[in-house]
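Each chain, written out:
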Amino acid sequence: MTKAKEKQQKKKKGRSTQELMGLRSFTKYGLGTNKGELLFYLVSPTNISVLSHANIEIKIRHLMMILSAIPNIEITCTDSCECFDDNKNYLQMRFSQEQNPKVRKILKKDVEMLDHVQAEMATARQFLFIMRCKGMKPDQIFNTANRTEKVISDQGFEVQRMKKADIKRFLAIYFEASMNGDQIPDTDGEQFYEGEDDQETKD
């Protein structure tokens, strides 16, 4: 086996989850990826069930205006909180397999607790407009970020550009990791490295 091939195999084995997902790092305005910097905008949903048919048509027209002004903008809809379906399915499976009545009682209470929590949190959705900036300089990204927010706002949508903590929370929910994504360190294990550095300094 040649050295070049060995090096290539070693590089493949050493790739992190972050690299496989195409993420680089958080930037001043959004999230850096292998396909450009992403700017995230959180748009408050409108309850169309209380709107008249005419007002719904107006909302659709305003959305079309945004898509016309910014044709390359991307839209995604996600849960605004953790989904407990997998947990509930697992507990229900355990309940059907469990023979001990005391354990079955505990499993049933766990399912009821998750139902209660999910009902309180509701099944709310969050809508994100995502702008991808390719090959732009920092000042161009800054102008694009402001222009995009203004275009969305001018069409009557309540919008705010997501900051680092908001983006981390969204990613954590999207990848079903945790609802407290804003508390996850930027680099996996970063908090442990800081502790080791402090210990080495003392020694």
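What you see is a predicted model, and the numbers here were worked out from it, not measured in a lab. Residues take numbers from 1 onward in each chain, read along the sequence in its written order. Where local features are concerned, this predicted model is filtered to residues with pLDDT of at least 70; where side-chain atom pairs are given and counted, the filter is 80 or more; whole-chain, interface and lining totals use all residues. Side-chain metrics rest on all non-hydrogen atoms present in the structure, leaving aside hydrogens and water.

Draft legend 1. Focus on the overall build of the chain. Numbering of helices and strands starts at the N terminus; helices are DSSP runs of H or I of at least 4 residues and strands are runs of E of at least 2. Helices and strands together make up the secondary structure of the chain, namely eight helices and six strands. The linear arrangement of helices and strands in the chain, starting from the amino end, is α-α-β-β-β-α-β-α-α-β-α-β-α-α. Burial status follows relative accessibility: with a 1.4 Å probe on protein chains alone, a residue under 20% of its type maximum counts as buried, one over 50% as exposed, and anything between as partly exposed. The buried share among the 203 residues of the chain stands at 25%. In this description, accessible areas are obtained by the Shrake-Rupley approach with a 1.4 Å probe, and a residue is regarded as covered only by the protein chains that are shown. Looking at the chain as shown, the accessible area adds up to about 14700 Å², and 52% of this sits on carbon and sulfur atoms.

Draft legend 2. Region of the structure containing the nonpolar core. Throughout this description, the term nonpolar core refers to a set of buried Ala, Val, Leu, Ile, Met, Phe, Trp, Tyr and Cys residues connected via side-chain atoms within 4.5 Å. Formed by 16 residues in total, the largest nonpolar core has its most connected members in Leu-39, Tyr-41, Val-43, Ile-73, Phe-129, Met-131 and Ile-152. Looking at this core, the elements with two or more residues in it are strand S3 (36–43), strand S5 (125–133) and helix H6 (138–154). Counting residues per element, this core draws most heavily on H6, at four residues. In terms of nonpolar packing, the next biggest core, distinct from the first, is built from nine residues, Leu-31, Leu-128, Ile-167 and Phe-170 among them.

Draft legend 3. View of the packing of aromatic side chains. Note on aromatic contacts: the rings of Phe and Tyr and the six-membered ring of Trp form a pair at centre separations within 6.5 Å, being stacked when their planes are under 30 degrees apart, edge-to-face when over 60 apart, and tilted otherwise. Enumeration over the complete set of coordinates arrives at two aromatic pairs. With a centroid separation of 5.9 Å and 50° between ring planes, the pair formed by Tyr-29 and Phe-142 is classed as tilted. On the criterion of sequence distance, the pair formed by Tyr-29 in the loop between strand S1 (23–26) and strand S2 (31–33) and Phe-142 in helix H6 is long-range, its members being 113 residues apart. Judged by its relative accessible area of 13%, Tyr-29 falls in the buried class.

Draft legend 4. Region of interest: the pairing of S3. In terms of residue burial, S3 counts as a mostly covered element, since seven of its eight residues are buried. Where S2 meets S3, three bridges bridge the pair, whose relative direction is antiparallel. What sits directly across from Thr-33, in S3, is Gly-36. A pair of strands counts as paired when DSSP detects no fewer than two bridges linking them. What sits between S2 and S3 in their antiparallel hairpin is a turn of two residues. One ladder, built from seven bridges, connects S3 with S5; its direction is antiparallel. Looking across to S5, one finds that Val-43 is bridged to Phe-127.

By themselves these figures say nothing about function.
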